[in-house]
Amino acid sequence: MPEETEIRLRERLSKLGAMKLLRGTSVDGELERLRDQLDRLRAEPTADEIWRSVELARHQDRPYTLDYASRIFDDFFELHGDRGRADDPAVVTGLASLDGRTVVLVGHQKGRDLKERTQRNFGMAYPEGYRKGMRAMALADQHGFPLITTVDTPGAYPGVAAEQHGQGGAIARSQVTMVGLSVPTVACIIGEGGSGGAVAIAVADRVLMQENAIYSVISPEGCAAILWRDGAEARKAAAAFKPDAAHCLELGVIDAIVPEPEGGAHTDPDEAAALLREAILVALAEVDGLNPSKRRRERRARFRAIGVLASTSG
Amino acid sequence: MPSEPGRVDVEIESKRTEDAPPEKSHPNTCPGCGSHYRDEELAKTLRVCPQCGHHFPVGARERVEQVADPRTFVEEDGDLRSADPLGFFDLRPYTERLAEAELATGLGDAIVCGAAEVEGEGCRLAVMDFAFMGGSMGSVVGEKFARACESAAAAKVPLVSISASGGARMQEGILALMQLPKTICAIEDLHESGGALLSVLTHPTTGGVLASYASLGDVVLAEPGTLMSFAGPRVVAQTTREKLPDDFGLAESNYRFGHVDAIVPRSELRPTLARLLRLFGRK
């Protein structure tokens, strides 16, 4: 159905036009690169391009939450502990200054070397991590600080203790907390947006996604293991469920794609942070002026509307 | 510690709700005690083994009959069907799996919603069916649940959710994940209108449904022996190489850890829901 495809593409481009992708990217050659990006979006991402996103999203040198915290904010004061049970190192929370204004940051954190990777549990949070996040969100609401979240996790940790401590309920309640916040909220998918563990901290007024991040219902390996009965078919699975930023934008799941330096965020973390900072400021400005109850209503309406349905009657 | 950090997602869809009986055994063998049963007898005992109390799965239509007063159930939004937004194709097209599930179950998708009375108390019911693609939640399940919240709020009656689900539906990709916040937003609207959600978890309720509306009941009940874990036992065992406790993720274990208000045997479900509906109805 070529017409249908054309309509979808036009919609995608008009969304792109509306999302201020170009703001703050005044570097020479940037415009051309963005035009390339638009051309790429005009064509359906191929299986190879989707897989490249998967690889870049998981790249071992990709900037993580704390790499961005030190670059995006003027001051970052980390807060520890869920005030109940533990301090989960897979989630970082803190107060920060952004453009002269105090904000709260909640984000997944992966480790850089083997020791830190283990300590951070590969960015896979326990329920304690989500409760720590909820504590920071409540703090933001109490003091009227906008909330910024950064999503970068393969998924919530699937372990015996995590289940005993209420993993499913913690992920559900973290979303409830975000839905109820009065303050402006912006979520950024900066690497792997893996399943429930990711959406737990991504129910925001504006959802941004870096160009090479992925956001998905299941890992490519997990999907392949279940549907293809072979985890090695991950590439096929990714091509089928389309976790790339262009598709997430097209499906109305995210509001904007944040450009990355040529070759991926890891090639120039400073530039990646500058681009992300600009996108966060733009998104914040969009939702800042609303009164809190209107903001909450619009946030709910935004998520309530996501989905594609058919009907047997007209 | 996982050897491969990518392999950590929830177990989404498992076709087996029961351990398969050993081969060559009688087809109607109770997995709990090994006794044989006749189908019509089991239907009379609400699909609970009269010998050992094992709870067999119950389809959505039969569950409605078990819980609602006779002839009070009026289905809502029964015409909604899943679309195929990704053109998803694994070994077979998604559309083919949908058609097959509808033929096998007679249901439009994995949830049945509508108005009902329980011992004369008005409510809305949202009942899942594991036989429809593992009770997986895609756009239609999320939409019907959200509409059930809205219908309950409009009628000023509580919503009773009875879940059975392997989690989010992979074939709808990221849109399936987005049904978590969607159903949660609907519950928040229901709560804001003063409405209540009673959540009953039945075997199995895992993944995205556990990580959204099933966990958010004002009261959370579970049937005996219900697996209610975010990650399935197979995924946990493979990822962590931990030895799992015998009662891993079961309702009984969740009750001990404080995640469930009560474990309710099936024969007591209807009177228990009626009691709670009466309590929530008197403000």
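Quick caveat: nothing in here was measured; it's all calculated off a predicted structure.

(A) Main features of the overall build of chain B. Across its full length, chain B holds 10 helices and 8 strands. Against the 2.2 N^0.38 benchmark of 19 Å for 283 residues, chain B shows a C-alpha radius of gyration of 18 Å, consistent with a compact globule. Each of the three principal axes of chain B carries a C-alpha extent, and together these read 50 × 45 × 40 Å. Burial analysis of chain B (283 residues in total) assigns 52% to the buried set. For chain B, contacts bridging at least 24 residues in sequence account for 71% of all contacts bridging at least 6.

(B) The arrangement of the overall build of chain A in detail. Per the secondary structure count, chain A includes 14 helices and 9 strands. Every one of the 314 residues in chain A was classed for burial, and the buried ones make up 55%. For chain A, restricting intrachain contacts to residue pairs at least 6 apart in sequence, the fraction spanning at least 24 positions comes to 72%.

(C) How the structure looks around the confidence of the model for chain B. All names here are of chain B. For chain B, the mean per-residue pLDDT works out to 92, and 91% of the residues sit at or above 70. Taken as a whole, residues 1-17 scores under 50 in pLDDT and shows 67 contacts with residues more than four places along the chain or in a different chain. In the predicted assembly, ipTM is 0.91 and pTM is 0.90.

(D) Structural view of the pairing of strand β7 (residues 219-222) of chain B. Residues and elements named next belong to chain B. As paired strands, strand β6 (residues 197-205) and β7 are joined by 4 bridges and run parallel to one another. Among the inter-strand pairings, Leu198 is bridged to a residue of β7, identified as Val219. As paired elements, β7 and strand β8 (residues 262-263) share 2 bridges and run parallel to each other. The partner of Leu221 across the bridge, within β8, is Ala262.

(E) Expanded view of the sheet that holds strand β3 (residues 111-118) of chain B. All names here are of chain B. Strand order across the open sheet formed by 7 strands is β1-β3-β4-β5-β6-β7-β8, with mixed pairing between neighbours. This sheet does not close on itself; its edge strands, each paired only once, are β1 (74-76) and β8. Strand direction decides the pairing type here: β3 and strand β4 (residues 121-128), joined by 8 bridges, are antiparallel. Bridge pairing links Val112 to Val127 in β4. Where helix α10 (residues 266-281) meets the sheet, its contacts fall on β3, β4, β5 (159-165), β6 and β7, and the angle it forms with β4 comes to roughly 125°.

(F) Geometry of unusual backbone geometry. The residue after His203(B), namely Pro204(B), is reached through a cis peptide bond having omega -20°. Within the fold, Pro204(B) resides in strand β6. Non-glycine residue Asn121(A) carries a positive phi angle of around 55°. The topology assignment puts Asn121(A) in the loop between α5 (114-119) and α6 (127-143).

(G) Spotlight on the domain arrangement of chain B. Residue and element names in this part refer to chain B. Per the domain assignment, the segments making up chain B are domain 1 (18-56) and domain 2 (57-281). Opposite the 5 residues of domain 1 that make contact, domain 2 presents 9 residues. Tallied by class, residues from the side of domain 1 that touches domain 2 come to 3 nonpolar, 1 polar and 1 charged.

Definitions and limits used
- Residues numbered from 1 in each chain as written.
- Chains lettered and ligands numbered in written order.
- Predicted model: local features only at pLDDT ≥ 70, side-chain atom pairs only at ≥ 80, totals over all residues.
- Helix = DSSP H or I, 4+ residues; strand = E, 2+ residues; numbered from the N terminus.
- Rg over C-alpha atoms; globule rule 2.2 N^0.38 Å.
- Buried ≥ 20, exposed ≤ 12 C-beta atoms within 10 Å, placed from the backbone.
- Contact = placed C-beta atoms within 7 Å.
- pLDDT = per-residue confidence, 0-100.
- Pairing = 2+ DSSP bridges.
- Axes fitted to C-alpha atoms, helices over the stretch in contact; angles between N-to-C directions.
- Domains from an automatic or database assignment.
- Nonpolar A, V, L, I, M, F, W, Y, C, P; charged D, E, K, R; others polar.

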